[in-house]
Amino acid sequence: MEGGAATRMELMSKRGQIKLASEGVSLLEGKREALLQELITRAKALRELRNDLHRRGRRAVGSLAFARAMRSTPEVRSIGAAGRRDLALTVRTERVWGMYLGHIESANVVRAPRERGVGLLDTSAHVLEAARSAEEMLEQLVKCAPLERNIQMLGEEVKKTNRRINALNEYLLPKLREEVRGIRRVLEEREREDIFRLKKIKMKQAAKKKKK
């Protein structure tokens, strides 16, 4: 038997460790279930967002191609450069099972034509539509990106939790149970030896009484 001495105190200690480890498995399994539910909920939301992103992407590519065909690539690039700006983004976080998951809040990603910094009378409606379509696609990208990262983090945490559960179930608990069996065998053997010694002592005492 590996580990500490084969005593009743050690036996109680090992049994206590088994109880704690078993409770730990139950807690980790509950955590894993909660993480999986969270992951599934967010994955469903991401699927809807991605479907919309693909629709917006196809529309943006089509609008850009049409604008370039109607007004030329240099004009489209010139108007794009004139409308360049920084986006106002705010990152918020929430704590889920010890992890900080983030999402991005954005405002005014899709602008009205008058907010693009170009003359409306001099700018083709085709180019304005291409710009609007591109911003609509960007707006959806801003929603998808943090959600994809959150799902990745949840998946990694599920894997980590699985590894901990497996370590307890496949290594620690079997090891502790084997140690308990070993201690019990030693204690039972000692008990048999003690009984045998007591019998011998009684037999010797009985023999002495007979001689007297």
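What counts as what
Note on numbering: residues in each chain are counted from 1, in written sequence order. Where totals are concerned, whole chains, interfaces and linings use all residues; where local detail is concerned, this predicted model gives features only for residues with pLDDT of at least 70, and gives and counts side-chain atom pairs only at 80 or more. Side-chain calculation: all heavy atoms of the structure are included, whereas hydrogens and water are not. Numbering goes from the N terminus for both helices and strands, where a helix is a DSSP run of H or I of at least four residues and a strand is a run of E of at least two. Radius of gyration here is computed from C-alpha atoms only, and the compact-globule reference equals 2.2 Å multiplied by the residue count raised to the power 0.38. Think of it in three bands: residues with accessible area under 20% of the maximum for their type are buried, residues over 50% are exposed, and the middle band is partly exposed, with areas taken using a 1.4 Å probe on protein chains only. Should any heavy atoms of two residues lie within 4.5 Å, those residues are considered in contact. The length a helix should cover is 1.5 Å for every residue beyond the first. The working definition used for a salt bridge is a side-chain nitrogen of Lys or Arg within 4 Å of a carboxyl oxygen of Asp or Glu. Note on pairing: two strands pair once DSSP finds at least 2 bridges between them. Here an angle of 0 to 180 degrees is reported between the N-to-C directions of two axes, which are lines fitted to C-alpha atoms, with helices fitted over the stretch in contact. An angle below 35 degrees is read as roughly parallel, one above 145 as roughly antiparallel, one from 65 to 115 as roughly perpendicular, and any other as oblique. Under the scheme applied here, ten amino acids are nonpolar (Ala, Val, Leu, Ile, Met, Phe, Trp, Tyr, Cys and Pro), four are charged (Asp, Glu, Lys and Arg), and all others, including Gly, are polar.

J.: Just checking my understanding: could you explain the overall build of the chain for this structure?
T.: Helix and strand counts for the chain come out as three helices and two strands. Along the chain direction, N to C, the helices and strands of the chain fall in the order α-α-β-β-α. Computed over C-alpha atoms, the radius of gyration of the chain comes to 36 Å, more than 25% over the 17 Å expected from 2.2 N^0.38 for 212 residues, which places it beyond the range of a compact globule. The principal-axis extent of the C-alpha atoms belonging to the chain is close to 135 × 25 × 25 Å. The burial tally for the chain puts 29% of its 212 residues in the buried class. Residue pairs at least 24 apart in sequence account for 78% of intrachain contacts in the chain once pairs closer than 6 positions are excluded.

J.: How do you make sense of helix α1 (residues 8-71) when you look at a structure like this?
T.: The terminal C-alpha atoms of α1 lie 90 Å apart, and with 64 residues this matches the ideal 94 Å at 1.5 Å per residue to within 8%. In the stretch just after α1, S72 is the one whose phi turns positive, near 85 degrees.

J.: In this structure, what is going on with the pattern of salt bridges? I would like to understand it.
T.: According to the stated counting rule, one finds 21 salt bridges in the structure shown. With its nearest N and O atoms 3.0 Å apart, the salt bridge here joins E139 to R56. Of this pair, E139 sits in helix α3 (residues 125-211) while R56 sits in helix α1; the two residues are 83 residues apart in sequence, bridging distant segments of the chain. Linked through salt bridges whose partners overlap, the residues forming this network are E10, K14, K175 and E179.

J.: Help me out: how do you make sense of the environment of A81 in this one?
T.: Considering the arrangement of structural elements, one finds A81 in helix α2 (residues 73-82). Residue classification places A81 among the partly exposed positions, given a relative accessible area of 45%. Taking the C-alpha atoms as reference, A81 lies 9.8 Å from G117; in sequence the two are 36 residues apart.

J.: Where do I start with the pairing of strand β2 (residues 99-106) in this structure?
T.: Regular strands have side chains that alternate between both faces of the sheet. Of the strand pairs in this sheet, strand β1 (residues 89-96) and β2 are connected by eight bridges, and their pairing is antiparallel. By the bridge assignment for β2, T90 is matched with E105.

J.: How do you make sense of unusual backbone geometry when you look at a structure like this?
T.: Working note: non-glycine residues mostly have negative phi, and peptide bonds are mostly trans. A positive phi is found at W97, a non-glycine position, where the angle reads about 50 degrees. Relative to the elements of secondary structure, W97 occurs in the loop between β1 and β2. Unusually for a residue other than glycine, N108 sits at a positive phi of about 60 degrees. Within the fold, N108 resides in the loop between β2 and α3.

J.: When you look at the packing of α1 against α2 in this model, what are you seeing that I'm missing?
T.: Packed helices, taken two at a time, are described by their axes: the angle between them and the distance between them. One way to put it is that α1 packs onto α2 with a least axis distance of 7 Å and a crossing angle of 120 degrees. In terms of their interaxial angle, α1 and α2 are classed as oblique. Where α1 approaches α2, its residues L64, A67, R68 and R71 are matched on the opposing element by T73, E75 and V76. In terms of residue class, the contact of α1 with α2 is built from three nonpolar, one polar and three charged.

J.: Mind showing me how you'd approach the environment of V109 here?
T.: By the secondary structure assignment, V109 is in the loop between β2 and α3. For V109, a relative accessible area of 2% puts it in the buried group. Separated by 50 residues in the primary sequence, V109 and K159 have C-alpha atoms spaced 36 Å apart. When residues no more than four places from it in sequence are discounted, the contact partners of V109 are R85, L87, E135, L138 and E139.

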